[in-house]
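Letter by letter, the chains look like this.
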Amino acid sequence: MVTSVYREIFSLDYHLHFFPALLWNRLRRRGGDGTTFVRMEYSLVFVFCCILAITGIPNALAHHSVLGWVVGGAGVAGIVAMAVFSIRSWTGPPSYDNFLTGVFFFLLVLGFTAGVFAGALEHSLLIGLVGSIAGLVTGYLLGIFAGLVVQYLGWLAVWVNLVAGLGVIGLIVLDLVLLLG
C-alpha cells in the first residue's frame, strides 16, 4: 500500500477504508513504529540534559543556588540544542509510512477524557456523553494531523510518540476513576 501519496482526507473512502487499514497495519507491525532510527548517543545525551535540567532548576529556585542555575541552564540549553538538531535532521515531507500512532491515540483519548471530565465536573450524564462524542471527533481529526506533523521533530518524534503512548494508559486510568468515582 502506497501510503505516502494518499491525500483525499475529506473523502468518505479515506475514513472508512484507508485510515482504518493504515491503523490496523501500524498496530499489527512488530519491531517498531517505522519512524526514524534513533541513535543511542542522541538518546543518552537528551536524557542526560533532561536530568541536568530536572535537578538544577528546582535547586536554583528553592535555594538560590548558583550551581543550580548553571546545571539547570546547561540542561535546558542542551535540550534546546538537541531539539533544534533533531528538527534539522528531518529531510522529507511527513508521510503515512511514518504515521505516529501513539500521538494519534493520545489525542483521540484526550478528547474523550475531556468530555468525561466535563460531565463529571457538572455531574451530568448528558454533558459527559455529548462532550465525549465531540471530544472523540475533535481528537480524531487533530490526531490525524498531529500524527503527520509531529514527524517534523526528526528523531525526537520517536520519544514524543513513546510518551504519548504511555499517556494513553494514564488517560484511560483517569477515565476509569472519573467514571467509577
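Here, every reference points to the structure presented above.
Because the structure is a prediction, the values reported are computed rather than measured.

Colleague: Can you walk me through the overall build of the chain in this structure?
Modeller: In terms of helices and strands, the chain carries six helices and zero strands. Along its sequence from the N terminus, the chain presents helices and strands in the succession α-α-α-α-α-α. Residue pairs in contact within the chain that sit at least 24 positions apart in sequence constitute 74% of those at least 6 positions apart. Entry remark: accessible area of the chain is about 11,100 Å², with carbon and sulfur atoms responsible for 76%. For the chain, the distance from the average site of its 7 positive side-chain charges to the average site of its 7 negative ones is 12 Å.

Colleague: What's the story with the nonpolar core in this structure? I'm lost.
Modeller: Considering soluble globular proteins, one finds that nonpolar side chains tend to be buried as a cluster. By size, the foremost hydrophobic cluster in this structure holds 11 residues: Y14, F18, F19, L22, L23, Y96, F99, F104, L108, I144 and L148. Looking at this core, the elements with two or more residues in it are helix 1 (12-28), helix 4 (101-122) and helix 5 (125-149). Sort the elements by how many residues they give to this core and helix 1 lands first, with five residues. Counting six residues, the second-largest nonpolar core is a separate cluster that includes A146, V150, A157 and A164.

Colleague: Explain the packing of aromatic side chains here, please?
Modeller: Where two aromatic rings form a pair, the distance of their centres and the angle of their planes describe that pair. Throughout the structure, instances matching the rule amount to 15 aromatic pairs. A ring pair is formed by Y14 and F18, whose centres lie 5.5 Å apart and whose planes are at 35 degrees; its orientation type is tilted. Here Y14 and its partner F18 are both found in helix 1, four residues apart, which amounts to about one turn of the helix. Taken together through their ring pairs, the aromatic side chains of Y14, F18, F19, Y96, F99, F104, F105 and Y140 make up a single cluster.

Colleague: Before we go on, may I ask you to explain the packing of helix 2 (residues 40-63) against helix 3 (residues 66-89) in this structure?
Modeller: Across the interface, helix 2 lies against helix 3 with an axial gap of 6 Å and an inter-helix angle of 145 degrees. Crossing of helix 2 against helix 3: the hand is left-handed.

Colleague: Which parts of the structure should I look at to understand unusual backbone geometry?
Modeller: Excluding glycine, a negative phi dihedral is what most residues carry, and trans is how most peptide bonds are arranged. With a phi angle near 55 degrees, H64 is a residue other than glycine that sits in the positive phi range. Take H64: it is sitting in the loop between helix 2 and helix 3. A relative accessible area of 65% places H64 in the exposed class. Of note in this structure, H123 is not a glycine but carries a positive phi near 55 degrees. Positionally, H123 belongs in the loop between helix 4 and helix 5. Relative accessible area serves as the criterion here: at 75%, H123 is assigned to the exposed category.

Colleague: Could you clarify how one ought to interpret the state of the cysteines in this entry?
Modeller: Evaluation of the coordinates by the stated rule reveals zero disulfides. Not engaged in a disulfide, the cysteine C49 finds its nearest cysteine sulfur in C50; these two sulfurs lie 7.1 Å apart. In this structure C50 comes out as partly exposed when scored by relative accessible area, which is 22%.

Colleague: What exactly am I supposed to notice about the packing of helix 4 against helix 6 (residues 156-180) here?
Modeller: For any two helices packed against each other, one specifies the inter-axial angle together with the distance between the axes. It is the contact of helix 4 with helix 6, at a shortest axis distance of 8 Å, that shows an interaxial angle of 25 degrees. Our classification of the angle between helix 4 and helix 6 gives roughly parallel. Both helix 4 and helix 6 take part in a crossing whose hand is left-handed. Contacts between helix 4 and helix 6 pair T101, G102, V103, F105, F106, V109, L110, F112, T113, V116, F117 and A120 from the former with V160, N161, A164, G165, G167, V168, L171, I172, L174, D175, L178 and L179 from the latter.

Colleague: Mind showing me how you'd approach a nonpolar patch on the surface here?
Modeller: Taken together, the side chains of I57, L61, W69, V76, V80 and V84 make up a nonpolar region of the molecular surface, amounting to roughly 530 Å² of accessible area. Breaking the nonpolar patch down by element, the ones donating at least two residues are helix 2 and helix 3. With four residues, the single largest contributor to the nonpolar patch is helix 3. Note that V84 resides in helix 3. Classification of V84 as partly exposed rests on a relative accessible area of 44%.

Criteria and thresholds
- Residues numbered from 1 in each chain as written.
- Predicted model: local features only at pLDDT ≥ 70, side-chain atom pairs only at ≥ 80, totals over all residues.
- Heavy atoms only, no water.
- Helix = DSSP H or I, 4+ residues; strand = E, 2+ residues; numbered from the N terminus.
- Contact = heavy atoms within 4.5 Å.
- Areas by Shrake-Rupley, 256 points an atom, 1.4 Å probe, with all protein chains shown as cover.
- Lys, Arg positive; Asp, Glu negative; His and termini not counted.
- Charge placed at Lys NZ, Arg CZ, Asp CG, Glu CD.
- Core = buried A, V, L, I, M, F, W, Y, C linked by side-chain atoms within 4.5 Å.
- Buried < 20%, exposed > 50% of the residue type's maximum accessible area, 1.4 Å probe, protein only.
- Phe/Tyr/Trp six-rings, centres within 6.5 Å; stacked < 30°, edge-to-face > 60°.
- Axes fitted to C-alpha atoms, helices over the stretch in contact; angles between N-to-C directions.
- Left-handed = near helix turned anticlockwise from the far one by under 90°.
- Disulfide = S-S within 2.5 Å.
- Parallel < 35°, antiparallel > 145°, perpendicular 65-115°, else oblique.
- Patch = residues over 30% accessible without salt bridge, like charges linked within 9 Å, V, L, I, M, F, W, Y side chains within 5 Å.
- Salt bridge = Lys/Arg side-chain N within 4 Å of Asp/Glu carboxyl O.

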